[in-house]
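# Commentary on secondary and tertiary structure
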Amino acid sequence: MAAVKGYKEHAQFTGPLEVVEVEYDFAKDGGATGALDLIKMKQAMVLVDCYAKVDAAATSDGSATLIWGVKGGDTDACLGTTAGAVANLTLGAVIKGDSAGKQIKLAADSVLEMTIGTAALTAGKIRFVMVLQKF
């Protein structure tokens, strides 16, 4: 399993909703094309909402894309290739999650992953934000 350095496993709730952030940082995680696990749900949950916050602009020597979704399922449920095009991943941007990633059930042991496609990233720091509710 390849994972970002900030990989998390989520199992405990302190209230009706949890907001969880997982960071991808080029300086720590590299930028090679391929999938990186972000978070594993240890129990069944509802992904209420998802969005990304860009802390450092993503750059690429090519036309890199970034998708984010359910590993082994709807891999771009939260962020599709159009929204995740490197041109949109600018400093300070908030990228709304796709509607497919809202109010979906995630089974116990589901993993959300990000995938860098088309070309490698050469910089970037992105926080993936998930609003979760126990199922």
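What counts and how
By convention here, each chain's residues receive numbers from 1 onward along its written sequence. For a predicted model such as this one, the threshold for reporting local features is a pLDDT of at least 70, and the threshold for listing and counting side-chain atom pairs is 80 or more; totals across whole chains, interfaces and linings nevertheless cover every residue. Each side-chain value is derived from all of the structure's non-hydrogen atoms; neither hydrogens nor water enter the calculation. Salt bridges are counted wherever a side-chain nitrogen of Lys or Arg sits within 4 Å of a carboxyl oxygen of Asp or Glu. Helix and strand definitions follow DSSP, with helices as H or I runs of at least four residues and strands as E runs of at least two, each counted in order from the N terminus. Under the scheme applied here, a residue whose accessible area is under 20% of the maximum for its type counts as buried, over 50% as exposed, and between as partly exposed, the area being computed with a 1.4 Å probe on protein chains only. At least two bridges found by DSSP between two strands is the condition for calling them paired. When checking whether two residues touch, look at their non-hydrogen atoms; a contact exists if any pair is within 4.5 Å. The nonpolar core is taken to be a set of buried Ala, Val, Leu, Ile, Met, Phe, Trp, Tyr and Cys residues, with the residues joined through side-chain atoms within 4.5 Å.

## Notes on the pattern of salt bridges
Taken as a whole and judged by the stated rule, the model has 9 salt bridges. Ionic pairing is found between Lys28 and Glu23, a salt bridge with its closest N-O pair at 3.9 Å. Its salt-bridge partner being Asp49, residue Lys102 comes within 3.6 Å of it at the nearest N-O pair. Of the two residues, Lys102 is situated in the loop between β6 (94-96) and β7 (104-106) and Asp49 in strand β4 (residues 45-60); the sequence distance between them amounts to 53 residues. Given the relative accessible area of 24%, Asp49 is considered partly exposed. Among the ionic contacts, a cluster of salt bridges with common partners joins Glu21, Lys53, Asp55 and Arg127.

## Considering the pairing of strand β9 (residues 121-134)
Pairing geometry for strand β2 (residues 17-25) and β9, over 9 bridges, is antiparallel. Across the sheet, residue Glu21 finds its bridge partner in β9, namely Val129. As paired strands, β4 and β9 are joined by 12 bridges and run antiparallel to one another. Note that in β9 the partner of Thr59 across the bridge is Ala123.

## So, the side chain of Ser110
One can find Ser110 in the loop between β7 and β8 (111-117). Contacts of Ser110, omitting those with residues within four sequence positions, involve Ile39, Lys40 and Met41.

## Regarding the side chain of His10
Its location among the elements puts His10 in strand β1 (residues 3-10). Beyond its immediate sequence surroundings of up to four residues, His10 is in contact with Glu18, Val20, Ile39, Lys40, Met41, Lys42, Gln43, Met45 and Leu132.

## Remarks on the nonpolar core
Core analysis: the biggest nonpolar cluster contains 35 residues, and Tyr24, Trp68, Leu112, Met114, Phe128, Met130 and Leu132 have the highest contact counts within it. Elements with a contribution of two residues or more to this core: β2, β3 (34-41), β4, β5 (65-70), β8 and β9. Sort the elements by how many residues they give to this core and β4 lands first, with 6 residues. When residues no more than four places from it in sequence are discounted, the contact partners of Met130 are Glu18, Val19, Val20, Val22, Ile39, Leu47, Asp49, Trp68 and Leu112.

## Description of the environment of Gly31
Looking at the secondary structure, you find Gly31 in the loop between α1 (26-29) and β3. Judged by relative accessible area, Gly31 falls into the buried class, the value being 8%. Counting along the chain gives 85 residues from Gly31 to Ile116, while the straight-line C-alpha distance between them is 7.5 Å. Setting aside chain neighbours within four positions, we find Gly31 in contact with Tyr24, Phe26, Ile116, Ala120 and Leu121.

## Concerning the environment of Ala35
Among the secondary structure elements, Ala35 is positioned in strand β3. Using a relative accessible area of 36% as the deciding quantity, one classes Ala35 as partly exposed. The spacing of Ala35 and Pro16 is 19 residues in sequence and 30 Å in space, taken between C-alpha atoms. Here Ala35 is in contact with Ala2, Glu113, Met114 and Thr115, once residues within four sequence places are set aside.

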